[in-house]
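A structural walkthrough
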Amino acid sequence: MGRPVSEPELPPVLTGPHAPVNVAEFHALAKAKLTPMVYGYFSSGADDQQTLQDNEEGFRRLRFRPRVLIDVSNADMMTEVLGVKISFPLVVAPTAMQRMAHPEGELATARAVAKAGTVMGLSSWSTTALEDVEAEAPGSPKWFQLYVYKDREVTKQLVMRAEAAGYKAIALTVDTPRLGRREADIKNQFNLPPHLTMGNFAMLKQANMENDGGSGLAAYVASLIDRSLSWKDIQWLKSITKMPILAKGVVTAEDAVLAVENGCAGIIVSNHGARQLDGVISTIDALEEVVNAVQGKVPVFVDSGVRRGTDIVKALALGAKACLIGRPVVWGLSVAGEQGITYVLDMLKKEFELAMSLCGCVKVSDINRSMVIRDAFAPYDVRRTLPPSKA
Ligand SMILES: Cc1cc2nc3c(=O)[nH]c(=O)nc-3n(C[C@H](O)[C@H](O)[C@H](O)COP(=O)(O)O)c2cc1C
Ligand SMILES: CC(C)CC(=O)C(=O)O
């Protein structure tokens, strides 16, 4: 597979023999470019980072059962999320403070994601105002990620602004009543660099990240975010917006059922890129129980650890409608702004197309449960897919 974007248009870091050919190589380039404080914030998981490792390992534990001698000369990667067509089943997850990665931050992301024909998630804690992000790529579908403030009026204003600007959904983050313990941020006494602001909050322009020698972000979250948030607040949220609400951060069947009962329009199986509770189950391991619990009533998405096109095929085989990626986009942005993200998305799209074809799938809906097994040494029970007479 060749490199994704036509070479003459690219900056030197993305051309020639040292150009990255996968997400891991983008990560390495970003690490070399960013300051230790910024890199530490973007890359870290919580505590011992056990789940950080497990998120990627979880995908590796799955093995394919590809089908052969199927005409794959035409691959159709299009799919649909919440009524919106996207070019392939990958959505960009909301990640905070993108101007730390590149001066154009969220604006570069909006342009690249629009060009790729998919959905952008924008963080409440974007370093660019949500209206400016929409104006940069007007009409291109975006989800607004919501942190619920102790001050419900602040929250309400934010939701109303997102709806007025044309955002298509609210991704309500449900796994962050408190910030996970990220040791790099504590060591580096993380703080938003003084030339940047939280773009969505005029009154909080200077983010008050005063810390007592630890992570300024943890102090910021503790002072502003509503720890008392509970399922009943979904009703409140539904009373102030017509946008569909996605519960972002569910990893159990119990909570999946509650999300559906409380009127969520979708579920994002996520452990926040392993940044919250260390030791929590990897999302690819949690996915199937959530899919089974939901019984097709709402779409299920998954993020945390998706690094390859093959990971997307595995997630879809286990019932996800689409995957989201967080860090891979941050690495692309850090390395080469908009072009870096375009390159990353294009690379993952090509990987996905190849993986689909090698699995014998012509279209996204061909991907099914029979295509993966968890344990490479346990035979697949063919009674699941063969008619009884042949099983
Ligand atoms: C640097 C960074 C910032 C993030 N900021 C937010 C955020 O503001 N809101 C949120 O709900 N999730 C946030 N996340 C979590 C992502 O939305 C997503 O769940 C996660 O990155 C997926 O895992 P991956 O990075 O392994 O792809 C952030 C993740 C990272 C890495
Ligand atoms: C500002 C942060 C709370 C954003 C976030 O969700 C994260 O860093 O994981």
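Residues numbered from 1 in each chain as written. Chains lettered and ligands numbered in written order. Predicted model: local features only at pLDDT ≥ 70, side-chain atom pairs only at ≥ 80, totals over all residues. Heavy atoms only, no water.

- The name given to the protein chain in an unreviewed UniProt entry is FMN hydroxy acid dehydrogenase domain-containing protein, and the organism recorded there is Rhodosorus marinus.
- Under the Sequence similarities (unreviewed entry) heading, UniProt states for the protein chain: "Belongs to the FMN-dependent alpha-hydroxy acid dehydrogenase family." (UniProt positions renumbered as here; feature names shortened; annotations may be inferred.)

Quick notes on the overall build of the protein chain
- When its secondary structure is counted, the protein chain shows 13 helices and twelve strands.
- Against the globule reference of 21 Å for 391 residues, the protein chain gives a C-alpha radius of gyration of 20 Å, in line with a compact fold.
- The dimensions of the protein chain, computed from C-alpha atoms along their principal axes, are 70 × 55 × 40 Å.
- Residue burial in the protein chain is summarised as follows: out of 391 residues, 55% are buried.
- Long-range pairs, those at least 24 residues apart, make up 73% of the contacts in the protein chain between residues at least 6 apart in sequence.
- Within the structure as shown, the protein chain displays about 16,600 Å² of accessible surface, and the carbon and sulfur contribution to it stands at 54%. (Helix = DSSP H or I, 4+ residues; strand = E, 2+ residues; numbered from the N terminus. Rg over C-alpha atoms; globule rule 2.2 N^0.38 Å. Buried < 20%, exposed > 50% of the residue type's maximum accessible area, 1.4 Å probe, protein only. Contact = heavy atoms within 4.5 Å. Areas by Shrake-Rupley, 256 points an atom, 1.4 Å probe, with all protein chains shown as cover.)

Description of the pairing of strand E9 (residues 266-269)
- Going residue by residue along E9, you find Gly266 and Ile268 tucked away on one face and Ile267 and Val269 tucked away on the opposite face as well.
- In this sheet, E9 lies alongside strand E8 (residues 245-250) in parallel orientation, the contact comprising four bridges. The residue bridging lysine 248 from the neighbouring strand is isoleucine 268, located in E9.
- Taken together, E8, helix H10 (residues 253-261) and E9 constitute a β-α-β crossover, and its handedness is right-handed.
- Examined bridge by bridge, E9 and strand E10 (residues 300-302) share three bridges and lie parallel to one another. Residue pairing across strands places isoleucine 267 opposite valine 300, the latter belonging to E10. (Pairing = 2+ DSSP bridges. Right-handed = clockwise from strand over helix to strand, strands pointing away.)

Here's the deal with the environment of proline 17
- Topologically, proline 17 is positioned in the segment before helix H1 (23-33).
- Sequence separation between proline 17 and phenylalanine 190 is 173 residues; the distance between their C-alpha atoms is 36 Å.

So, the environment of leucine 90
- Take leucine 90: it is sitting in strand E4 (residues 90-92).
- A residue is classified by how much of its surface remains accessible, and leucine 90, at 0% relative accessible area, is buried.
- Sequence separation between leucine 90 and valine 38 is 52 residues; the distance between their C-alpha atoms is 25 Å.
- Contact partners of leucine 90, with chain neighbours within four places excluded, come to Thr118, Val306, Ile312, Ala322, Cys323, Leu324, Ile325, Leu345 and Leu348.

Remarks on the UniProt feature "active site" (unreviewed entry) in the protein chain
- Here, UniProt's "active site" (unreviewed entry) annotation points to His272.
- Inspection of the secondary structure puts histidine 272 in the loop between E9 and helix H11 (283-294).
- Judged by its relative accessible area of 14%, histidine 272 is buried.

What about helix H12 (residues 309-317)?
- Across the nine residues of H12, eight count as buried, placing the element largely inside the fold.
- Looking at H12, one finds that the buried residues are Gly309, Asp311, Ile312, Val313, Lys314, Ala315, Leu316 and Ala317.
- Positive phi shows up at glycine 319, right after H12, with a value of about 110°.

So, the pattern of salt bridges
- Throughout the structure, instances matching the rule amount to 21 salt bridges.
- Aspartate 54 serves as the salt-bridge partner of arginine 61, at 3.0 Å between the closest nitrogen and oxygen.
- Arginine 307 serves as the salt-bridge partner of glutamate 56, at 3.4 Å between the closest nitrogen and oxygen. Of this pair, glutamate 56 sits in helix H3 (residues 50-61) while arginine 307 sits in the loop between E10 and H12, and the two are 251 residues apart along the sequence.
- Assessed through its relative accessible area of 15%, arginine 307 is described here as buried.
- Three or more residues are tied together by salt bridges with common partners; here these are Glu104, Arg111, Lys115, Glu136 and Glu338. (Salt bridge = Lys/Arg side-chain N within 4 Å of Asp/Glu carboxyl O.)

So, the site of ligand 2
- Neighbouring ligand 2 are the residues Tyr41, Ala96, Met97, Trp125, Tyr147, Leu179, Arg182, Leu217, Val221, His272 and Arg275.
- Here an oxygen atom of ligand 2 and a side-chain polar atom of tyrosine 41 are 2.6 Å apart.
- Within the contact set of ligand 2, an oxygen atom lies 2.8 Å away from a side-chain nitrogen or oxygen of arginine 275.
- Relative to its unbound accessible surface of 280 Å², ligand 2 loses 93% to contact with the protein. (Near = heavy atom within 4 Å. Polar contact = N/O pair within 3.5 Å; in protein donor to acceptor, adjacent residues only side chain to side chain.)

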